[in-house]
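Results of the structural survey
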Amino acid sequence: MQTKDVTKVTRCRICGASGLKKFLSLGPLPTPNGYLTTNQLKQHEPEYPLDIGRCKKCGLVQLTQIVRPDIMFTNYKYIPSASKTMVKHFDEMASEIINEFRLTKKELVIDIGSNDGTLLKSFKKRGMRVLGIDPAENLAKIATKEGVPTIPEFFTSKLAKKVVKKYGKAKVVTGTNVVAHIANLVDLFKGVELLLANDGVFVAEFPYLVDLLDNVEFDTIYQEHLSYFSIKPLIYLMKRSGLHISDVRKQDVHGGSIRVFVKKGSAKKMADSVKGFLALEESKNIYKDKTYKEFADSVEEKKNQLSNLLRILKKSNYKIVGYGASARGNILLNYFGITNKTLDYIVDSTPYKQGLFTPGHHISIVSESKILKDMPDYVLLLAWNFKDEILKKQNAYRIKGGKFILIVPDVEII
Ligand code: TMP
Ligand code: ZN
């Protein structure tokens, strides 16, 4: 029997406390990676709640209703390799980990949520043995074909046991932009503990709550992201899991992320970097209610600013298009009510997305080369997390007089 499409979260997924305090509701909205083919446009498009709250006990910010994972993840259109920035970022990450942890050739590296194998390819080319785990069957197939063996399943502690039996323990386990996708965090870290060799390290990366709040990156909130991490609740989770955080480092991808290093056992003493992040979190008041009230107000302010600007531009008959049919872009367009009456189309570098339509407002997705051919008056930068790469790529458009509308941190025309 199929379980329900949506489950209400009654207890915090880290500490188990009840009474999550909701501070923002963006839904109901379609899932942000639910791109549609022409044939699907006439079919009913399901919408799902998007409510976010905070646990008063451990501080974890989390969705208070969650969508069944197979609805969102088994046929996945997002790939990091559509962005040069991410390919470079993951290549540097692999190189740094190999050097820092002195990995020798043939050492096993396992990536949870390995997507199309971008990160593991960087380990493989440096001589490591690699194994990917990802429930996106379409992507697991491609990665395996390209030399990154990938198990097309959701990661659980049960799967971890099978993996260890077949492949042995891993010196390095990675998980980039995936921990937030997993509902059962206790089981995830139980699985990580099983996979890791005694001197092994788990390296996780995800957007950092402090940046999300500081820059009003509300469009990072979507049904796939069940948790929005800061260090304090993670420490709580690590203690529960017989692990500890050995280091935390800031990363500038995806609007501000952190890379967290996790090792087995308890910490003899708290690392300075961990102390530093805890102090930052306190100084930013991220464990106080008022911060979330202000954040919700800022989202409405941004909505008004951008809607007003687009209305004025459309009144003057300017042609406006979008850049980056990203999940976050879909949340912003659907929540702000920006439709295909405002944006003629959206360009995107992902081959799997071109020819499809965005969930919700059904805006057509085309290749990036259309911008220079078409010379629209304005381009709304939906993939603001790749601003530098995109502005560089579209330099010719800008030289010819084309303008970009920025959304983050502020609404601005450049
Ligand atoms: P993300 O915010 O979920 O990472 O998605 C970013 C989207 O932007 C993804 O669909 C790829 C697209 N993109 C472009 O179209 N051109 C680019 O140059 C870059 C870097 C990304
Ligand atoms: Zn909690």
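Residues numbered from 1 in each chain as written. Chains lettered and ligands numbered in written order. Predicted model: local features only at pLDDT ≥ 70, side-chain atom pairs only at ≥ 80, totals over all residues. Heavy atoms only, no water.

**Things to note about the packing of aromatic side chains**
This is how the line gets drawn: Pairs were defined over the aromatic rings of Phe, Tyr and Trp, the Trp ring being its six-membered one, requiring ring centres within 6.5 Å. Orientation was assigned from the angle between planes: stacked under 30 degrees, edge-to-face over 60, tilted for the rest. The cut-offs for exposure are 20% and 50% of the maximum accessible area for each residue type, with area from a 1.4 Å probe on protein chains only; residues under the lower value are buried, those over the upper are exposed, and the others partly exposed. For a ring to carry a charge above it, either NZ of a lysine or CZ of an arginine must fall within 6 Å of the ring centroid while also lying within 35 degrees of the normal to the ring plane.
Applying the stated criterion across every chain yields a total of 14 aromatic pairs. A centroid spacing of 5.8 Å and a plane angle of 85° characterise the contact between Tyr397 and Phe404, whose relative ring orientation is edge-to-face. Owing to a relative accessible area of 0%, Tyr397 belongs among the buried residues under this scheme. Three or more aromatic residues joined by ring pairs form one cluster here, namely Phe23, Tyr292 and Phe295. The side chain of Lys303 reaches across the aromatic face of Tyr335, ending 4.7 Å from its centre.

**Focus: the site of ligand 1**
Quick note on the threshold: Any residue with a heavy atom lying within 4 Å of a molecule or strand is counted as near it. Within 3.5 Å is the distance limit for a polar contact, defined as a pair of N or O atoms, with the added protein rule that one can donate a hydrogen and the other accept it, and that residues adjacent in sequence qualify only through two side-chain atoms. All accessible-area figures derive from a Shrake-Rupley calculation using a 1.4 Å probe, and residue coverage is judged against the displayed protein chains alone. The helix count covers DSSP runs of H or I at least four residues long, the strand count covers runs of E at least two residues long, and both are numbered beginning at the N terminus. Three categories are distinguished: nonpolar for Ala, Val, Leu, Ile, Met, Phe, Trp, Tyr, Cys and Pro, charged for Asp, Glu, Lys and Arg, and polar for the others, with Gly belonging to the last.
Around ligand 1, the structure places 18 residues, and the nearest of them are Asp348, Ser349, Lys353, Glu368 and Lys393. With respect to ligand 1, the side chain of Asn385 contributes an N or O atom lying 2.9 Å from an oxygen atom. Calculation on ligand 1 without its partners gives an accessible area of 490 Å², and the protein chains cover 99% of this total. Top contributing element to the shell around ligand 1 by residue count: helix α13 (residues 387-393), with three residues. Looking at the shell around ligand 1, its residues break down into five nonpolar, seven polar and six charged.

**Description of the domain arrangement of the chain**
Using the following cut-off: Segmentation of the chain into domains, including their bounds, is taken from an automatic or database domain assignment. Whether two residues are in contact is decided by their heavy atoms, any of which lying within 4.5 Å being enough. Buried area is calculated as the accessible area (1.4 Å probe) missing from two parts once they are joined, with the contributions of both summed. For this analysis, a salt bridge means a side-chain nitrogen from Lys or Arg found within 4 Å of a carboxyl oxygen belonging to Asp or Glu.
Taken as a whole, the chain is organised into domain 1 (80-287) and domain 2 (290-413). Taking only C-alpha atoms into account, the centre of domain 1 sits 30 Å from that of domain 2. On the domain 2 side, the residues contacting the 24 residues of domain 1 number 22 residues. Where domain 1 abuts domain 2, roughly 2,100 Å² becomes buried across the two surfaces, and 65% of that area is made up of carbon and sulfur atoms. By the criterion of area lost to domain 2, the three top residues of domain 1 are Val216, Phe218 and Asp219, representing 31% of everything that side buries. At the surface where domain 1 touches domain 2, the tally comes to zero salt bridges.

**Brief notes about the sheet that holds strand β19 (residues 412-413)**
Convention followed: Whether two strands pair depends on DSSP finding at least two bridges between them. Structural elements are reduced to axes, namely lines fitted to C-alpha atoms, with helices fitted over the stretch in contact, and the angle between N-to-C directions of any two is expressed from 0 to 180 degrees.
Reading across the sheet, the six strands line up as β16-β15-β14-β17-β18-β19 and stay open at both edges, with mixed pairing between neighbours. Looking at which strands have only one partner, the edges of the open sheet turn out to be β16 (365-366) and β19. Most of the contacts of helix α10 (residues 289-315) go to strand β18 (residues 403-406), to which it runs at about 155°, and overall it touches β14 (320-323), β15 (343-347), β17 (378-381), β18 and β19.

**Thoughts on empty space enclosed by the protein**
With a probe scaled to a water molecule rolled over the atoms, the places where space remains empty come into view. Basically, it comes down to this: For each structure, a 1 Å grid was placed over the protein atoms alone; sets of points admitting a 1.4 Å probe that cannot get out are labelled cavities, open sets with protein on both sides within 12 Å along at least five of seven lines are labelled pockets, and lining residues have an atom within 4 Å of a point. Grid points are joined across faces, edges and corners, and a volume is the space filled by probe spheres set on the points.
Per the stated rule, a full pass over the model turns up one cavity of 30 Å³ or more. If you add up the space inside the largest cavity, you get close to 40 Å³. Surrounding the largest cavity, Val179, Phe189, Phe202, Ala204, Phe206, Leu234, Met238, Val260 and Val262 form its lining. The element best represented in the lining of the largest cavity is strand β10 (residues 196-207), accounting for three residues. Considered class by class, the residues forming the lining of the largest cavity number nine nonpolar, no polar and no charged.

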